[in-house]
Amino acid sequence: MKVSTQTKLLGVVGNPVRHSLSPLFQNYMLRKLKINALYLSFEVPKDSFELFMKVSTFHPYLGFNITLPFKERALGICSKISSDAKKIGAVNTVKVEDGKILGFNTDWLGFRDSLKEVVGDLKNKWVLVLGAGGASRAVLYALSLEGAKIYLWNRTLEKAQELAKRFRATTLESLDKSVGDFDVIVNTTSVGLREDDPPLFNYELIRSEQVIYDLIYYQTPLLKVARRKGAKTVSGLKMLVYQGVESFKIWFGKGISKEKIYRYLRRALKY
Ligand code: ATR
């Protein structure tokens, strides 16, 4: 692609964000579809998010992915917000149109589609969600729409109780006794980011019939034990790609198959 005055600009806004994998696969899609646009990463100081977004509503800006720690604050800078994003309470995708910012959430779609690939129909499936932070809400939203039986555990019980009310989940106060009962276990906490993090529960209790989903991008100790136990596993890398392809569709009205982009990213990362 030749950069010109017509080149559009997209990107991911976060802090920190230089490690983001989104530019890698978003630019791949732009190249493949021969779209005259670039996707960059914008590391915006925490007190300058609103200012940055305000000055990014003119040509050549077309849209952004919004990531930590701005997803909740992004609700406040949008002229219009999709009902999914409102219900989740977070915006991860914005589109710039006629100087206005439109807000969407594609995280829940990324999670739903990548989980359904492995589980199929989620209706009445018993799903345990670990964690009640920002990432948990898109997961809970997707599961509630799919009719799963949702159980929610969080280190700080009050936060789990608050989200449980909103997404019709049952809170769990302790883990080890019941982890074997679930069809699916989803880790939305940051535990596992570091190899020496103490485990959330005794991972040896995982059974081969279970599906274990970790929102962290790589093979965490939880996923490693789950694989050894013969369980099916999904990592957050898939959710990242799938939400990104959905964002791309919002910006351009078309995209490339999610599976193809996921394969590309795995090859690029030698994952
Ligand atoms: P994110 O937006 O990525 O979800 P967050 O909002 O800071 O980040 O949430 C982090 C989640 O990880 C929370 O559920 C947090 O539990 P608390 O609500 O009790 O803080 C969870 N978490 C972080 N460290 C943890 C640990 N060592 N053990 C258990 N849960 C942990």
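Residues numbered from 1 in each chain as written. Predicted model: local features only at pLDDT ≥ 70, side-chain atom pairs only at ≥ 80, totals over all residues. Heavy atoms only, no water.

Draft legend 1. Highlighting the site of the ligand. The ligand sits among 15 residues. The nearest are Ala 135, Asn 154, Arg 155, Thr 156 and Lys 159. At a separation of 3.5 Å, an oxygen atom of the ligand approaches a polar backbone atom of Gly 133. The contact in question runs from an oxygen atom of the ligand to an N or O atom on the side chain of Asn 154, over 2.7 Å. Burial of the ligand by the surrounding chains reaches 68%, relative to a free accessible area of 650 Å². (Near = heavy atom within 4 Å. Polar contact = N/O pair within 3.5 Å; in protein donor to acceptor, adjacent residues only side chain to side chain. Areas by Shrake-Rupley, 256 points an atom, 1.4 Å probe, with all protein chains shown as cover.)

Draft legend 2. Spotlight on the pattern of salt bridges. Within this structure, the stated rule accounts for 17 salt bridges. The residue Asp 107 makes a salt bridge to Lys 71 at a minimum N-O spacing of 2.7 Å. With a gap of 36 residues between them, Asp 107 in helix H4 (residues 107-119) and Lys 71 in the loop between strand S3 (61-66) and strand S4 (80-81) connect regions that are remote in the sequence. As far as burial versus exposure is concerned, Asp 107 and Lys 71 are alike and both buried. (Salt bridge = Lys/Arg side-chain N within 4 Å of Asp/Glu carboxyl O. Helix = DSSP H or I, 4+ residues; strand = E, 2+ residues; numbered from the N terminus. Buried < 20%, exposed > 50% of the residue type's maximum accessible area, 1.4 Å probe, protein only.)

Draft legend 3. Region of interest: helix H5 (residues 134-146). Of the residues making up H5, those classed as buried are Ser 136, Arg 137, Ala 138, Val 139, Leu 140, Tyr 141, Ala 142, Leu 143 and Glu 146. Remark: Gly 147 follows H5 within two positions and exhibits a positive phi of approximately 80 degrees.

Draft legend 4. Here's a closer look at a nonpolar patch on the surface. Among the surface-exposed residues, Leu 193, Tyr 217 and Tyr 218 lie close enough to one another that they form a single nonpolar patch of about 270 Å² accessible area. With respect to the helices, strands and loops of the structure, Tyr 217 is situated in the loop between strand S11 (211-214) and helix H7 (221-228). A relative accessible area of 31% means that Tyr 217 is categorised as partly exposed. (Patch = residues over 30% accessible without salt bridge, like charges linked within 9 Å, V, L, I, M, F, W, Y side chains within 5 Å.)

Draft legend 5. Representation of unusual backbone geometry. Note that the residue after Asn 15, namely Pro 16, is joined by a cis bond; omega there is 0 degrees. With respect to the element layout, Pro 16 can be found in the loop between strand S1 (8-14) and helix H1 (22-32). Cis rather than trans, the peptide bond between Leu 68 and Pro 69 has omega equal to 0 degrees. At Asn 124, a residue that is not glycine, the phi angle is positive and equals roughly 60 degrees. Assignment of secondary structure puts Asn 124 in the loop between H4 and strand S7 (126-130). Look at Asn 124 and you get partly exposed, because its relative accessible area is 45%. Located in the positive-phi region is Lys 270, a residue other than glycine, with phi close to 55 degrees. With respect to the helices, strands and loops of the structure, Lys 270 is situated in the segment after helix H9 (258-269).

Draft legend 6. Looking closely at the nonpolar core. Phe 111, Leu 115, Val 129, Leu 143, Leu 152, Val 186 and Tyr 213 are the most contacted members of the largest nonpolar core, which totals 32 residues. Ranked by residue count, the leading element in this core is H5, at six residues. Formed by 25 residues, the second largest nonpolar core is a distinct cluster that contains Ala 37, Leu 62, Ile 261 and Leu 265. (Core = buried A, V, L, I, M, F, W, Y, C linked by side-chain atoms within 4.5 Å.)

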